[in-house]
Structure formats: structure tokens, C-alpha cells
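Fold and geometry: a report
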Amino acid sequence: SIVAVGNPLGELGGTVTAGIVSATGRTINVDGTEMKLIQIDAAVNPGNSGGGLFNLKGELVGIVNAKSTGTGVEGLGFAIPVNDAINVSEQIKTNGYVTGRTYIGVSFLDVTDAFTAYRYFGTQTLGVYVYEAQEGYNDKNLMSGDRIVAINGTEIVASDDIKTIVKSAEVGDVLK
């Protein structure tokens, strides 16, 4: 048995829900990134992310980060295992970033209508655009408003395509 502590809906701070762990190491795709997570049936809602998942001894076992949003699906929540969270936090404290993970320092915007294309980039062409490039990463190569049509010859239709390519690359690879 476990309890999830959080702030569901961003307005119900200190809420605790109870449940069971139905899987550990469950591979789930969260916003284009595959993660191995703890699956729980405790109620999880928007605002619970970042809250603790505790066993009945009061020990932190995970950090709530996702819920299933499929039609007709209820009672499926997911948490990052605490050892993974500790590893990431230690790397950030030591290095200022997570080692061994590819990072291009660019945020993208999927433009699927002409109004958005014109509003943000002064064009009516749909596609994936650079929204912002973080200083010191690819800000010399990519600028806000650049449209990404392909990476290494693979056509880009959505920003998730970029995440997949970047994640499959090795640190230090050059992408065209």
C-alpha cells in the first residue's frame, strides 16, 4: 500500500490519497519521453505532479509525475522511483545538468494553423518552429522563427519527432 501527497487542481494542498502499487518499472511514454515508472491506483490529478509517493512506513518511494488520460481510463497514476530522482538531483547538484543525456537547449512550437503561424512568426506556413534557443547551446545555429523541416534527412512533422531523434543520438553527435 502507498499514499500519494499532492496539490490536486492546484488548490487542494496537502491532499493525501491511498492505493496500491500495481507495477514497478512500467515503461510509459510521457510527452514524447519513455520513462520507467511506478504504476499506482491512488487518485492522481493535475497538480499532484512533484508530490511524494510514500509507503506505509512513511518512506519516500517515488515522485508523482503522470496520470493516464485515455478515454474511460481512471485510477492509473505513475511516479518516478525515488532512486532515479535522487540520482538526477545529485547529478544536477554536482554538474549543473544530468550527465549522459542529450540536450539541445531549444524549445519548439508545433504550428498547426495559419493564425498561430502568423501570430508568432509572421508567416502562414505550418510546421515545427524554434520558439527559443537557450544561450550557450544552439543559439548560434538556431533562432526563434526557424522552421525545422528535417533532421539528418528525416522529415519533421511534430516536435515529438525532434525529441525522438535527439534522444536516440549520443552526447556530442552533430545533427543536421
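A quick note: this is a predicted structure, and the numbers were derived from the prediction, not measured.

Calculation rules
The numbering scheme is per chain: residues are counted from 1 as the chain's sequence reads. Whole-chain, interface and lining totals are the exception, using all residues; otherwise, since this is a predicted model, local features are given only for residues with pLDDT of at least 70 and side-chain atom pairs are given and counted only at 80 or more. Each side-chain value is derived from all of the structure's non-hydrogen atoms; neither hydrogens nor water enter the calculation. We count a stretch as a helix when DSSP gives it H or I for four or more residues in a row; a strand needs E for two or more, and each element gets its number in order from the N terminus. Pairs of residues are marked as contacts when any of their non-hydrogen atoms sit within 4.5 Å. All accessible areas in this document rest on Shrake-Rupley with a 1.4 Å probe, and a residue is counted as covered only by the protein chains that are shown. To sort residues, take the accessible area from a 1.4 Å probe on protein chains only and compare it with the maximum for the residue type: under 20% means buried, over 50% means exposed, and anything in between is partly exposed. In this description, one arc is meant: the one made by directions from the helix axis to the C-beta atoms. Whenever two N or O atoms come within 3.5 Å, that pair is a polar contact, provided that in protein one can donate a hydrogen and the other can accept it, and provided that, for residues adjacent in sequence, both atoms are side-chain atoms.

**As for the overall build of the protein chain**
Within the protein chain, the secondary structure is distributed over 3 helices and 12 strands. For the protein chain, the spread of C-alpha atoms along the three principal axes comes to 55 × 40 × 25 Å. Here the analysis covers contacts within the protein chain between residues at least 6 apart in sequence; of these, 38% occur between residues at least 24 apart. Just so you have it, the protein chain exposes about 11100 Å², and 51% of that area is on carbon and sulfur atoms.

**Overview of helix α2 (residues 114-121)**
Three or more residues of α2 are buried, namely Thr116, Ala117 and Phe121. Buried residues in α2, looked at end-on, bunch into an arc of 100 degrees, giving them a common side. Across α2 from its buried face, at more than 90 degrees, point the exposed residues Phe115, Tyr118 and Arg119. Where α2 starts, the residue carrying a side-chain oxygen 3.2 Å from the main-chain nitrogen of Phe115 turns out to be Asp113. Looking one or two residues beyond α2, the residue adopting positive phi is Gly122, at roughly 65 degrees.

**Observations concerning the environment of Asp84**
Mapped onto the elements, Asp84 comes out in helix α1 (residues 82-95). As a C-alpha pair, Asp84 and Lys36 span 48 residues in sequence and 9.5 Å in three-dimensional space.

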